[in-house]
Amino acid sequence: MIQEIWGRVQEALIKRVGKNNHQTWIEPLKLSGLTDGVVRFDVPTTFFGDWVSRNFSDHILTLLNESGAQAGRVEFVVVSSRPVRPAPKALSKAASKTSARSRSGTDDELPGASLDPSNTFDSFVVGKPNELAHAAARRVAVGGPVTFNPLFLYGGVGLGKTHLMHAIAQQLQAGQPELRVLYLSAEQFMYRFVQALREHQIMDFKGLFRSVDVLMVDDVQFIAGKDSTQEEFFHTFNALVDQNKQIVISADRAPGEIKDLEERIKSRMQCGLVVDLHPTDYELRLGILQQKVEYYRQQYKGLTMAPGVLEFLAHRITTNVRVLEGALTRLFAFASLVGREITLDLATDCLSDILRASDRKMTIEEIQRKVAEHYNIRLSDLIGPKRVRNIARPRQVAMYLAKQLTLRSLPEIGRRFGGRDHTTIMHGVRKIEELMATDSDLADNLAMLRRALQG
Ligand code: ADP
Ligand code: MG
């Protein structure tokens, strides 16, 4: 009924919001139902939902009601199983069908969480900060005799722990379909456990978890402080280790640092291989952006991107990869909406909130000090009027970095450089951009400075 009405109002919606908007924002909506006056739509991302909600929900509501629906509100539900990100590569076909379940399909089904088919090793960009974790994950994904147990991956939010775990599970299942691989979050583990207790099926629960070949538990810090769940986890863990079954665990910090986790669990965790994912560095972020942008170029044919935008994002968004991805998604959606080239200005506009949040409050003074130190000249000379080349060039480098790494405008930067005019700053920035292309020494120095500043 509501689906029918929804179908009928499309014409009118196109008239109201325009064909392009309709195609970009309305067509992807999946109406999931109308209950108690609330119309629910499935959307692919939070940003998507927010955008539609802000811009089109009034139109949607009005038209639905005009056509006989009794709706008072529109709600958008993010359906995470349709992630907007690079399309699955190698294992996609197999993986999307299996999730982390037993493929034997005979007796019991493993109560695993579903695996995102785009989280593969192929789509994981490797850099200094994550190379060890990646290597360890690959090793486990090969299968065969267990060499370290458990593999314990830890690191801050959005650095790729879940991605690596999904990649391991999917590669194992693709290579050895008979293997019983169980991947789930610690929260789901607890949920299953509590449910089994409630339904008096604790023996089934134990049997099930002890029958897997590979157990992968994501975000194990979640069970800290949850005593009986920890207890059960500990027994499951030991039983599997005794049978030489591989265990992979992730957490947001090292085993020893998880508060309210039992000592005996901590020490068992440390018996295996503990590797951490370090915060991303500039090169890794740029690498990830370059990989993801390929996908968007396919999705949004015809959109162009000015040079320097990815570099800008990699410099400025340092929090985590999830935020970086979100920024790219939003940038493309926004650019396609307004039908403009993706430029630095557009990025600054469209991502102002994200950029502000990741702004590490780098000051121009900090940059000037670092540059002066790096080139071994006095700070007063760097800012002062001297025009000799061995001072003028570092000065331009500092201007360039100030423009790149802070949100300050050219006139503001000019003021901090001894009251220079904004055109002088612009000239300096351009000069460095030009030189960088041909002068690899300069490019190296810049990279070094950037690293030092972004620590
Ligand atoms: P965590 O579990 O550590 O919080 P996720 O694995 O969920 O982080 O990663 C967050 C997002 O960033 C995911 O979409 C993931 O695919 C992506 N991501 C993280 N690291 C990388 C990487 N090195 N290469 C490609 N994508 C990455
Ligand atoms: Mg995770």
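Scope of this entry: the structure provided in the associated data block. (Residues numbered from 1 in each chain as written. Chains lettered and ligands numbered in written order. Predicted model: local features only at pLDDT ≥ 70, side-chain atom pairs only at ≥ 80, totals over all residues. Heavy atoms only, no water.)

Description of the overall build of the chain
Formally: We count a stretch as a helix when DSSP gives it H or I for four or more residues in a row; a strand needs E for two or more, and each element gets its number in order from the N terminus. Classification of residues uses two cut-offs on accessible area relative to the type maximum, computed with a 1.4 Å probe and protein chains only: under 20% is buried, over 50% is exposed, and between them is partly exposed. Methods summary: accessible areas were calculated by the Shrake-Rupley approach with a probe of 1.4 Å, and residue burial reflects only the protein chains presented. Positive residues here are Lys and Arg, negative ones are Asp and Glu, while His and the chain termini are left out of the count. Note on charges: their place is set at NZ of Lys, CZ of Arg, CG of Asp or CD of Glu.
Helices and strands together make up the secondary structure of the chain, namely 21 helices and 8 strands. C-alpha atoms of the chain, sized along the principal axes, occupy 80 × 65 × 35 Å. Per-residue burial for the chain yields a buried fraction of 50% across its 455 residues. Working note: accessible area of the chain is about 22100 Å², and carbon and sulfur atoms make up 50% of it. Measuring between centres, the 59 positive side-chain charges of the chain sit 5 Å from its 53 negative side-chain charges.

Remarks on the pattern of salt bridges
In plain terms, the rule: Throughout this description, the term salt bridge denotes a Lys or Arg side-chain nitrogen within 4 Å of a carboxyl oxygen of Asp or Glu.
Applying the stated criterion across every chain, the model contains 18 salt bridges. The salt bridge involving Glu232 is made with Lys206; its shortest N-O contact spans 2.9 Å. Taken together, the positions of Glu232 in helix 9 (residues 227-242) and Lys206 in helix 8 (residues 202-210) put the pair 26 residues apart, joining distant regions of the chain. Judged by its relative accessible area of 5%, Glu232 is buried. Note that Arg297 and Glu294 form a salt bridge whose closest N and O atoms lie 3.7 Å from each other. Note that Arg297 and Glu294 are positioned in helix 11 (residues 282-299) at a spacing of 3 residues, about one turn of the helix. By relative accessible area, which is 43% here, Glu294 ends up partly exposed. Each of the salt bridges in this network shares a partner with another, and the network as a whole consists of Arg40, Arg73 and Glu75.

Points about the environment of Leu442
Where we set the bar: Residue contacts follow a heavy-atom distance rule, with two residues in contact if any of their heavy atoms lie within 4.5 Å.
Checked against the element boundaries, Leu442 lands in helix 21 (residues 440-454). Measuring from C-alpha to C-alpha, the distance between Leu442 and Val397 comes to 9.0 Å, with 45 residues separating the pair along the chain. In this view, Leu442 contacts Tyr375, Val397, Ile432, Leu435 and Met436; residues no more than four positions away in its chain are not counted.

Looking at the sheet that holds strand 3 (residues 73-78)
Operational definition: Whether two strands pair depends on DSSP finding at least two bridges between them. Fitted lines through C-alpha atoms serve as axes, helices being fitted only where they are in contact, and the angles separating the N-to-C directions of these axes extend from 0 to 180 degrees.
The strand order across the open sheet built from 3 strands is 1-2-3, with neighbouring strands paired in mixed fashion. The open sheet has two free edges, formed respectively by strand 1 (30-35) and strand 3, since each of these has just one partner strand. Pairwise comparison of adjacent strand axes, ignoring direction, gives a mean angle of 25° for this sheet. Here strand 1 runs beside strand 2 (residues 38-43); their pairing, made up of 5 bridges, is antiparallel. Looking at strand 2, one finds that Gly33 is bridged to Arg40.

Here's the deal with the site of ligand 1
Here is the rule: Any residue with a heavy atom positioned within 4 Å of a molecule or strand is treated as near that molecule or strand. Any pair of N or O atoms that falls within 3.5 Å is considered a polar contact. Within protein, one atom must be able to donate a hydrogen and the other to accept it, and sequence-neighbouring residues count only if both atoms are side-chain atoms. The classification used treats Ala, Val, Leu, Ile, Met, Phe, Trp, Tyr, Cys and Pro as nonpolar, Asp, Glu, Lys and Arg as charged, and all other residues, Gly among them, as polar. Start and end points for every domain follow an automatic or database-based domain assignment.
Neighbouring residues of ligand 1: 19 residues in total, closest Val125, Gly158, Thr162, His163 and Arg322. Residue Val125 places a main-chain N or O atom 2.8 Å away from a nitrogen atom belonging to ligand 1. In the model, a nitrogen atom of ligand 1 is placed 3.3 Å from a nitrogen or oxygen of the Asn130 side chain. For ligand 1, whose unbound accessible area comes to 560 Å², protein coverage reaches 95%. Every element with two or more residues in the shell around ligand 1 is listed here: helix 6 (161-175), helix 11 and helix 13 (321-338). For the shell around ligand 1, the residue count by class is 6 nonpolar, 8 polar and 5 charged. Taken domain by domain, the shell around ligand 1 gets at least three of its residues from each of domain 2 (128-276) and domain 3 (282-358).

What about unusual backbone geometry?
Here the residue pair Asn149 and Pro150 is connected by a cis peptide bond, since its omega of -5° sits within 30 degrees of zero. Mapped onto the elements of the fold, Pro150 is located in the loop between helix 5 (131-142) and strand 4 (151-155). For His200, which is not a glycine, the phi torsion comes out positive at approximately 55°. As for its placement among the helices and strands, His200 is situated in the loop between helix 7 (186-198) and helix 8. Note on His200: relative accessible area 74%, which makes it exposed. Unlike most non-glycine residues, Asn244 shows phi in positive territory, near 65°.

A closer look at helix 1 (residues 2-17)
Heads up, the rule is: Given a residue, its bend is the angle between the two axes fitted to the seven residues that end at it and to the seven that start from it.
At Gln10, helix 1 shows its maximal kink, close to 40°. Buried within helix 1 we find Ile2, Ile5, Trp6, Val9, Gln10, Leu13 and Val17. With its phi angle positive at about 95°, Gly18 sits one or two positions after the end of helix 1.

Remarks on the nonpolar core
Which entries qualify depends on this criterion: Only buried residues count toward a nonpolar core, which is a set of Ala, Val, Leu, Ile, Met, Phe, Trp, Tyr and Cys residues joined through side-chain atoms within 4.5 Å.
Residues Phe152, Leu215, Val217, Val220, Phe233 and Ile249 are the most contacted members of the largest nonpolar core, which totals 31 residues. Looking at this core, the elements with two or more residues in it are strand 4, strand 5 (181-185), helix 7, helix 8, strand 6 (214-218), helix 9, strand 7 (246-251) and helix 10 (263-269). Of the residues forming this core, the biggest block, 5 residues, is contributed by helix 9. If we skip the residues at most four places from it in the chain, Val220 touches Phe152, Ala186, Phe233, Ile249, Ser250, Ala251 and Ile258. Judged by nonpolar contacts, the second largest core, of 28 residues, contains Tyr296, Leu313, Ala347 and Cys350.

Things to note about the packing of helix 11 against helix 12 (residues 309-316)
Each pair of packed helices can be described by the angle between their axes along with the distance between the axes. For clarity, the threshold we go by: Throughout this description, any angle smaller than 35 degrees is read as roughly parallel, any larger than 145 degrees as roughly antiparallel, any in the 65 to 115 degree range as roughly perpendicular, and the remainder as oblique. Two helices cross in a left-handed way if the nearer one is turned anticlockwise from the farther one by less than a right angle. They cross in a right-handed way if the turn is clockwise.
Across the interface, helix 11 lies against helix 12 with an axial gap of 9 Å and an inter-helix angle of 135°. By the angle between their axes, helix 11 is oblique relative to helix 12. Helix 11 and helix 12 meet at a crossing whose hand is right-handed. Here Tyr282, Arg285, Leu286, Leu289, Gln290 and Val293 of helix 11 come into contact with helix 12, specifically with Leu310, Glu311, Leu313, Ala314 and His315. Classifying every residue of the contact of helix 11 with helix 12 gives 7 nonpolar, 2 polar and 2 charged.

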